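What follows is each chain in one-letter form.
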Amino acid sequence: MNAAQLPPVAPEVTAMLVEELSPRLRKRLDAAVTKLGARPTHRDGDTVTIEVDDETELRLHAPGGVVATADAITCGCLLAPACAHRAAAACAAPAADLAPELADQPPGAVPDPASATDPASDPASTSDPAPAPDSTPDPASTPTPDAASTPEVASPAQRAAAAALWSAGTAVLEAGVDGAGAVTQSALLRAAHTARLRHLPRAASAALSVVTLLRAARAGDPSYRTADLVTALTELLGTAHRVGTASGAELAAVRGRARRPYSPDGSLRLYGLFTEPVVTDSGHGGVRTWVAGSDGRLFTVGDVAPGGVGRALGVADRAVRLGDSALTHRELGRAGLAVSGATVSPDGRLGAGKGVKAVTAQGAAWTELPLAALWQTPPSEQAARALRSISRYADPDGGGSDLLFLDVELIGAVREAGGTCLLARCEGGVPVRLTVADDDPALAHRDNLMLLAAAPGTRLRIVGRLVPSLHPRLTLLACSHPTGEGTIDLGLDRLSRADLPDPGAPVHPAPPQPGGSGEHSPLYLLERRVEQAVPAGRAALGMLGDVTAETRRIRRAGLPTAAGLLRAMCASAAQRDRDLFGRLLPADTDGFATYWLAAARYTAAVAESLCAAAWQATQEGPAAAPSVPDQVPGRAVA
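Residues numbered from 1 in each chain as written. Predicted model: local features only at pLDDT ≥ 70, side-chain atom pairs only at ≥ 80, totals over all residues. Heavy atoms only, no water.

Undergrad: Requested: an account of the overall build of the protein chain, with residues and values cited.
TA: When helices and strands are tallied, the protein chain shows 19 helices and 15 strands. For the protein chain, buried positions account for 48% of its 638 residues. Summing over all exposed atoms, the protein chain offers an accessible surface of approximately 29100 Å²; the carbon and sulfur share of this is 53%. (Helix = DSSP H or I, 4+ residues; strand = E, 2+ residues; numbered from the N terminus. Buried < 20%, exposed > 50% of the residue type's maximum accessible area, 1.4 Å probe, protein only. Areas by Shrake-Rupley, 256 points an atom, 1.4 Å probe, with all protein chains shown as cover.)

Laid out in structure tokens, this is it:
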């Protein structure tokens, strides 16, 4: 059985089923999940059936695609409903991310797809969602006469929910991936459900991400990366910690939003830039078309649904779902639109509500205004802007784009450990490595990049997505045609050798290989200890012993804060006190989690600073030393 074959289960349902088990059955739950994963399943409408054995069937009823109540999971064994099978099935299934506004709807009620994508299509949906029926009133959300002068702070209920999230997160860090089984995950799901009821959707979403990644790691999913779990766990712990200390606007950012809000933006004149295929690890596929407004703002129009790479290739030639336009996504990437009644989310997605009107208009070449202005910003400023938008712990509603618009001269192919990339030189003599956005052979990314690598000296106008690295690096998405006529969507359009310029064209000397103050930074010594704690738990760092050699090397590189954090984190992991009778006391999980969180946030900040420094023009001299924190945060984590 593949987990993707099971319908998503609401987090509170999984938590309830696990909590109802006896202590004896809880100990056997992980084995039951593994055993159930090997059994065959079949779907009949809204019901998925698992054959527990030759005589017993387990059913998950998911009207509307989600198992929303505990009664929707039934088992035919003799111990039901007190058996472990129901809880095991819930733990094996994906966790559903139910929006609060759906909590008070009857099972099976599904909102209209258009209004779910664009709340502006329903005037009532523009207001904040009402609390779920079982939620208690939140004093912090009730206006008071002094509200205008006193910054809002979290309510006691929100602090309690954040504390539960912190405890569940520290339990994961204490146990590591191997020890964070179904019971630990159910505690996270319960805390996530409570946080969502208390209007803390950002922390709740982080908890669900941690659970999803834990399950992927324990199942041996090849797409799982430890760095992703580090980021999710850091977001969870950091957000839970800040709920109790934030106020005003900072508190609003820490709380987050329960849904992507679309706001009216009047009339827009849009100019197509390019279209990129979108293929996700979860089996979804589609396209995203980028357009720019007359003021230079970037917007996207997407169409992504289950279907994988095949759907991505097919959707590119389907009509854009925006107003009355008959343009396909490919055509929109080179044409224009005039939109009235537009609605836009903070991340630039255009809504497709009923009130949106759109008609085809003339586009603009990349060399013509307003598009040409996108290439006039220096690369270093573009990289800094992109870093702010994709920072691991940026405000989810902060907006911004991770795209860079560069004029480059191709140098040639460069071999790396992960494959071959294309080296180019952009403004200021900065060497940039261009890589493929997707290696799927059905897409044109890899073939196009290899062809361009065979044309050194070619000058192109490109669009790429920033890849945080110690040297300038982009995934290549689109470029001007090598002949200078038109543009190429590098994931959809295929170049041929006839499109390349004369191979006898002069080739300029290659720039020096990327390398700067951060290229060989010993920061990785702290990063690997931060990552090591996630799969193996606190005890793994506690057994390291003396780390003086590592801290001395980090300090010699001018990173005293990193050295202090490594020493403090490892010492906290190894600390175990005893009582008067010599018995070991429980470990200080909160103290270790705080040091680990400080180290994770610090390494992310330094890595982003080194990435920004690498984009400084070489003709201005060596890259400036990055600005990094110089105070050991200790146990005060912001």
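Undergrad: Just give me the short version of the environment of Gly355, but keep the residues and values in it.
TA: Locating Gly355 in the fold gives a position in the loop between strand S8 (336-344) and strand S9 (357-361). On the accessibility criterion, Gly355 (53% relative accessible area) is exposed. For the pair Gly355 and Gly323, spaced 32 residues apart in the sequence, the C-alpha separation amounts to 8.2 Å. Excluding residues within four positions of it along the chain, Gly355 makes contact with Ser340 and Gly341. (Contact = heavy atoms within 4.5 Å.)

Undergrad: If you had to explain the sheet that holds S9 to someone new, which residues and values would you point to?
TA: The 5 strands lie next to each other as S7-S6-S5-S8-S9, forming an open sheet whose pairing is antiparallel. The open sheet is flanked by strand S7 (298-306) and S9, the only strands paired with a single partner. Mean inter-strand twist for the sheet, computed between neighbouring axes without regard to direction, equals 35°. Here strand S5 (residues 263-279) pairs with strand S6 (residues 284-293) via 9 bridges, running antiparallel. Each residue of the ladder has a partner; that of Val278, found in S6, is Gly286. Running over the sheet, helix H11 (residues 308-315) touches S5, S6 and S7 and is turned about 40° from S6. (Pairing = 2+ DSSP bridges. Axes fitted to C-alpha atoms, helices over the stretch in contact; angles between N-to-C directions.)

Undergrad: If you had to explain the packing of aromatic side chains to someone new, which residues and values would you point to?
TA: Throughout the structure, instances matching the rule amount to 3 aromatic pairs. Seen from their ring centres, Trp375 and Phe405 are 5.1 Å apart, and the 75° between their planes marks the pair as edge-to-face. Note that Trp375 is positioned in the loop between S9 and helix H13 (379-390) and Phe405 in strand S10 (residues 403-416), a separation of 30 residues in sequence. Residue class for Phe405 comes out buried when judged on its relative accessible area of 1%. These aromatic residues form a ring-pair network of at least three members: Trp366, Trp375 and Phe405. (Phe/Tyr/Trp six-rings, centres within 6.5 Å; stacked < 30°, edge-to-face > 60°.)

Undergrad: For unusual backbone geometry, give the residues involved together with the corresponding values.
TA: Residue Pro81 is reached from Ala80 by a cis peptide bond, and omega for that bond is 5°. Inspection of the secondary structure assignment puts Pro81 in the loop between strand S4 (73-75) and helix H4 (85-92). The omega torsion of the bond from Leu369 to Pro370 falls at 5°, within 30 degrees of zero and hence cis. The backbone of His199 shows a phi angle near 65°, a positive value even though the residue is not glycine. Secondary-structure assignment places His199 in the loop between helix H7 (182-197) and helix H8 (201-218). Given a relative accessible area of 29%, His199 falls into the partly exposed group.

Undergrad: So, empty space enclosed by the protein: which residues are in play, and what are the values?
TA: With the rule as written, the count across this model stands at 1 cavity of 30 Å³ or more. Empty space within the largest cavity amounts to approximately 40 Å³. Taken together, Thr435, Val436, His445, Asn448, Leu449, Leu452, Leu476 and Leu490 make up the full set of residues lining the largest cavity. Within the residue set of the lining of the largest cavity, elements represented by two or more residues are strand S12 (430-436) and helix H14 (445-453). Sort the elements by how many residues they give to the lining of the largest cavity and H14 lands first, with 4 residues. Here the lining of the largest cavity is built from residues that sort into 5 nonpolar, 3 polar and no charged. (1 Å grid on protein atoms, 1.4 Å probe; cavity = no way out; pocket = protein on both sides within 12 Å on 5 of 7 lines; lining within 4 Å. Points joined across faces, edges and corners; volume = space filled by probe spheres on them. Nonpolar A, V, L, I, M, F, W, Y, C, P; charged D, E, K, R; others polar.)

Undergrad: Could you give an account of the nonpolar core, with specific residues and numbers?
TA: Ranked by size, the top nonpolar core spans 67 residues in total, and within it Leu188, Met569 and Trp596 carry the most contacts. Looking at this core, the elements that each hand over two or more residues are helix H6 (156-179), H7, H8, helix H9 (226-243), helix H10 (248-255), helix H15 (524-536), helix H18 (560-574) and helix H19 (589-614). Not counting residues up to four positions away in its chain, the partners in contact with Trp596 are Leu173, Val230, Leu233, Thr234, Leu237, Val530, Ala533, Val534 and Met569. Formed by 34 residues, the second largest nonpolar core is a distinct cluster that contains Leu17, Cys77, Ala87 and Ala93. (Core = buried A, V, L, I, M, F, W, Y, C linked by side-chain atoms within 4.5 Å.)

Undergrad: So what's going on with the packing of H6 against H8? Which residues, and what values?
TA: Pairs of packed helices are described in terms of their axes, by the angle between the two and the distance that separates them. Look at H6 against H8: their axes get within 12 Å of each other, and the N-to-C directions meet at 10°. One way to sum up the angle between H6 and H8 is to call them roughly parallel. On the side of H6, the interface is formed by Leu165, Val172, Val177, Asp178 and Gly179, while H8 contributes Ala203, Ala207, Leu214, Ala217 and Arg218. Split into classes, the residues belonging to the contact of H6 with H8 amount to 7 nonpolar, 1 polar and 2 charged. (Parallel < 35°, antiparallel > 145°, perpendicular 65-115°, else oblique.)

Undergrad: I'd like to hear about the pairing of S7, residue by residue, with values.
TA: In terms of strand pairing, S6 meets S7 through 9 bridges, oriented antiparallel. The partner of Thr289 across the bridge, within S7, is Val301. Linkage of S6 to S7, two consecutive antiparallel strands, is achieved through a turn of 4 residues, within which Gly296 is found at a positive phi near 90°.

Undergrad: Please give an account of the confidence of the model for the protein chain that cites residues and values.
TA: In this model, the protein chain carries a mean pLDDT of 82, and residues with pLDDT of at least 70 account for 83%. Contacts from residues 99-145, a stretch scored under 50 in pLDDT, to residues over four places away or in other chains number 57 contacts. (pLDDT = per-residue confidence, 0-100.)

Undergrad: Outline H11, supporting the account with residue identities and numerical values.
TA: Along H11, the positions that sit buried rather than exposed are Gly308, Val309, Arg311, Ala312 and Val315. One side of H11 holds all its buried residues, which, seen down the axis, span an arc of 160°. In this structure, the buried residues of H11 make contact with S5, S6, S7 and helix H12 (329-332). (Arc of directions from axis to C-beta.)

Undergrad: Describe the state of the cysteines, naming the residues involved and giving the relevant values.
TA: Cysteine pairs can be linked by a disulfide, which is a covalent bond between their two sulfur atoms. Evaluation of the coordinates by the stated rule reveals 0 disulfides. Here Cys77 is not cross-linked by a disulfide; its sulfur's nearest cysteine counterpart is in Cys75, at 3.6 Å. (Disulfide = S-S within 2.5 Å.)

Undergrad: Break down the pattern of salt bridges for me, with residues and values.
TA: Side chains carrying opposite charge are able to pair once their charged atoms draw close together. For the coordinates displayed, the defined rule picks out 27 salt bridges. A salt bridge links Arg218 to Asp30; the shortest N-O distance between them is 3.8 Å. Of this pair, Arg218 sits in helix H8 while Asp30 sits in helix H3 (residues 29-37), placing them 188 residues apart in sequence. With a shortest N-O distance of 2.6 Å, Arg529 and Glu550 are connected by a salt bridge. You can see Arg529 sitting in helix H15 and its partner Glu550 sitting in helix H17 (residues 548-556), a full 21 residues away along the chain. By sharing partners, the salt bridges in this structure join Asp317, Arg330, Arg334, Asp489 and Asp493 into a single network. (Salt bridge = Lys/Arg side-chain N within 4 Å of Asp/Glu carboxyl O.)

Undergrad: Tell me about the sheet that holds strand S2 (residues 47-51), and name the residues and values.
TA: With antiparallel pairing, the 4 strands of this open sheet are ordered in space as S1-S2-S3-S4. Since the sheet does not close on itself, it has two edges, and those belong to strand S1 (41-44) and S4, each with one partner. Between one strand axis and the next, the sheet turns through 20° on average, direction left out of account. Taken together, the 4 bridges between S1 and S2 define a ladder with antiparallel strand orientation. When the sheet's bridge partners are listed, Asp44 is paired in S2 with Thr47.

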